[in-house]
Amino acid sequence: MAENNSQPKNPGGMSLNIGGGQFSGVQVGQAAGDMTQNQQNTQGGAEKELTLPEVAELMAQIESIFRNSDLPEDQKKQALKHLDYATDAVNEKEPDKDTAAKSLQKASKVLKEANETFNAGEGIWKKLEPIAKQLAPWLGVAAKSLLLFT
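One structure accompanies this document, and this report is about it. Quantities reported herein were computed from a predicted structural model and do not represent experimental measurements.

Before going further, it helps to examine the overall build of the protein chain. When you go through the protein chain residue by residue, the secondary structure sums to 5 helices and 0 strands. If you list the helices and strands of the protein chain from N to C, you get α-α-α-α-α. Taken across its 150 residues, the protein chain has 28% of its residues classed as buried. Considering only contacts within the protein chain whose residues lie at least 6 apart along the sequence, 56% involve residues at least 24 apart. Here the protein chain displays about 10,900 Å² of accessible surface, and carbon together with sulfur accounts for 47% of that area.

Quick look at the structure:
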């Protein structure tokens with residue numbers, strides 16, 4: 001009887017196909033020979049996308065927080081300027097989410113610098129965090145990056 005010493009017809013390698021959405025904590029494996037790996041990502045209680053009026057309301061809440069803050073006037077004015085730019089970007093016919101996110105990050109940076117320099121605005125972070133968590137998915141960024149947490 002003849003031995004069959006031929007190699008398997010599968011040349012190996014890896015194929016990965018991920019469609020749509022943002023993924024974190026995704027595991028990918030590779031092994032010699034045949035391997036099948038299936039992973040299903042689901043979101044519990046699918047979050048609804050914010051409407052433009054809801055986004056506008058959240059932006060108004062952020063503005064109110066800055067206006068009523070204990071920030072020095074020049075920092076408050078600078079933060080509000082960035083916030084106005086973000087609001088304008090959201091209110092365009094085709095909302096510019098990227099510009100809005102960057103402007104909110106700039107306003108957050110002003111707050112962070114004021115906090116480090118003048119020890120002002122510590123309570124503002126706590127007020128802004130829940131709003132950022134609601135806005136961030138709509139803007140397509142992480143809440144952590146939106147508020148520049150360290």
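Turn by turn, an α-helix covers 3.6 residues, leaving residues three or four places apart pointing in a common direction. Look at helix α1 (residues 52-67): 22 Å from first C-alpha to last across 16 residues, which is about the 22 Å you get at 1.5 Å a residue. Of the positions making up α1, those classed as buried are Val-55, Leu-58, Met-59, Ile-62, Ile-65 and Phe-66. Seen end-on, α1 carries its buried residues on one side only, within an arc spanning 115 degrees.

Time to look at helix α2 (residues 73-90). The end-to-end C-alpha separation of α2 is 25 Å, in line with the 26 Å expected for 18 residues at 1.5 Å each. Every buried residue of α2 is accounted for by Gln-75, Lys-76, Ala-79, Leu-80, His-82, Leu-83, Ala-86, Ala-89 and Val-90.

With that settled, consider the nonpolar core. Counting 32 residues, the largest nonpolar core has Met-59, Ile-62, Phe-66, Leu-104, Leu-135 and Leu-139 as the members making the most contacts within it. Residue assignment for this core shows that the elements contributing at least two residues are α1, α2, α3 (97-118), α4 (122-139) and α5 (143-146). Top contributing element to this core by residue count: α4, with 9 residues. Every residue in contact with Leu-104, bar those within four places of it in the chain, is listed here: Met-59, Ile-62, Leu-83, Ala-86, Leu-135, Leu-139 and Leu-146.

Here is what the cut-offs are and how they apply
Residues numbered from 1 in each chain as written. Predicted model: local features only at pLDDT ≥ 70, side-chain atom pairs only at ≥ 80, totals over all residues. Heavy atoms only, no water. Helix = DSSP H or I, 4+ residues; strand = E, 2+ residues; numbered from the N terminus. Buried < 20%, exposed > 50% of the residue type's maximum accessible area, 1.4 Å probe, protein only. Contact = heavy atoms within 4.5 Å. Areas by Shrake-Rupley, 256 points an atom, 1.4 Å probe, with all protein chains shown as cover. Expected span 1.5 Å × (residues − 1). Arc of directions from axis to C-beta. Core = buried A, V, L, I, M, F, W, Y, C linked by side-chain atoms within 4.5 Å.

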